Structure formats: C-alpha cells, structure tokens
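# Inside the fold
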Amino acid sequence: MNPNSTELAAWIACLFFLVAGWNQVEKFFDRRTQRGTPRQIQPQPLAITKFDQPITETLCQSRRHEVSNEMLRLEHELGGLRRDRRADVAELQQKINKVDREVGELRASVDLNNQQLTRIDAKLDRVIERQNP
C-alpha cells in the first residue's frame, strides 16, 4: 500500500506538532521545578578585578612639564605664522595701493586724452567750416 502525498504531509505535520508539544511540556516542567538555565548578571557586582597601580607624582609632573614645553613651542610657532601672515598682508596691501595709483594715473591720462581729442575735433570742425564757404 502506497501512501499518497496528503497522508505523508499529515504524518510529517503530526510529528512536528508532537516534537513542539514535547518541547513545551519540558519547558513547563523546568519552570515548575525552577531548574532553568542559570542567569549571569554582568558585570558581577562583587567580583574583584585587577587594576593598574596609580601613577606616581613624578611621572605626572614630568608629563605636565612635557605638555607645557609643547604648548610653548606651539605658541612660538603660532606667533611666527602670525608675523608671516601680517607681512604677507602688508606686502599685498602695498601692491594693491600701487595698482590703485597706477589705475588713477591711467584714468587721469585717459580723461586728458579725451579732452584733447574733443579740442582737436572742435578745431577740425572750425577748419572744415572755413573751407566750405
């Protein structure tokens, strides 16, 4: 006799529910007898752990001295950078002032040339009017 696929699926489902039910029954008995898995609280409040020894006063003072020397070096370097920046700004300002003067001179020269061209144009107009009676 050959079981069809429906009967086979039913047997597999019954087996699955039987195992799941047995698992639930075991959990129930574990809870009843309070023999569950022991729980660990982390970190352990009463555990003694090793720790590093505190640093000595001389080590602290030597580190403080090193840090203060480094701070002085950095402040000196920062002062040098500020002086360099100020010198660059002053040089750039001189260049800008020079260009500004030259542009002003060129503008004045262009204005004088325009005035001279206007006078020449007026003279040419008078000369042309005299020749055409």
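Please refer to the structure higher up on the page.
A brief report on the enclosed structure follows. (Residues numbered from 1 in each chain as written. Predicted model: local features only at pLDDT ≥ 70, side-chain atom pairs only at ≥ 80, totals over all residues. Heavy atoms only, no water.)

Let us look at the overall build of the chain. Helix and strand counts for the chain come out as two helices and zero strands. Relative to its 133 residues, the chain shows a buried fraction of 2%. (Helix = DSSP H or I, 4+ residues; strand = E, 2+ residues; numbered from the N terminus. Buried < 20%, exposed > 50% of the residue type's maximum accessible area, 1.4 Å probe, protein only.)

It is worth spelling out the pattern of salt bridges at this point. Overall, the coordinates contain three salt bridges when judged by the stated rule. In this structure, Arg 73 and Glu 77 form a salt bridge, with 3.1 Å as the shortest nitrogen-oxygen distance. Here Glu 77 and Arg 73 lie together in helix 2 (residues 57-131), a separation of four residues that amounts to about one turn. The exposure class assigned to Arg 73 is partly exposed, which follows from its relative accessible area of 41%. Across the pair Lys 95 and Glu 91 runs a salt bridge whose closest N-O atoms are separated by 3.5 Å. With Lys 95 and Glu 91 both in helix 2, this residue pair falls four residues apart, about one helical turn. (Salt bridge = Lys/Arg side-chain N within 4 Å of Asp/Glu carboxyl O.)

Our focus in this paragraph is a nonpolar patch on the surface. A contiguous nonpolar surface patch, about 440 Å² in accessible area, is contributed by Trp 22, Val 25, Phe 28 and Phe 29. Structurally, the position occupied by Phe 29 is in helix 1 (residues 5-33). (Patch = residues over 30% accessible without salt bridge, like charges linked within 9 Å, V, L, I, M, F, W, Y side chains within 5 Å. Areas by Shrake-Rupley, 256 points an atom, 1.4 Å probe, with all protein chains shown as cover.)

With that out of the way, let us pick up a positive patch on the surface. A surface patch of positive charge is lined by Arg 119, Lys 123, Arg 126 and Arg 130. Considering the arrangement of structural elements, one finds Arg 119 in helix 2. (Lys, Arg positive; Asp, Glu negative; His and termini not counted. Charge placed at Lys NZ, Arg CZ, Asp CG, Glu CD.)

An ideal rise of 1.5 Å per residue puts 42 Å on 29 residues; helix 1 measures up with 42 Å between its terminal C-alpha atoms. A positive phi of about 55° marks Gln 34, the residue just after helix 1. (Expected span 1.5 Å × (residues − 1).)

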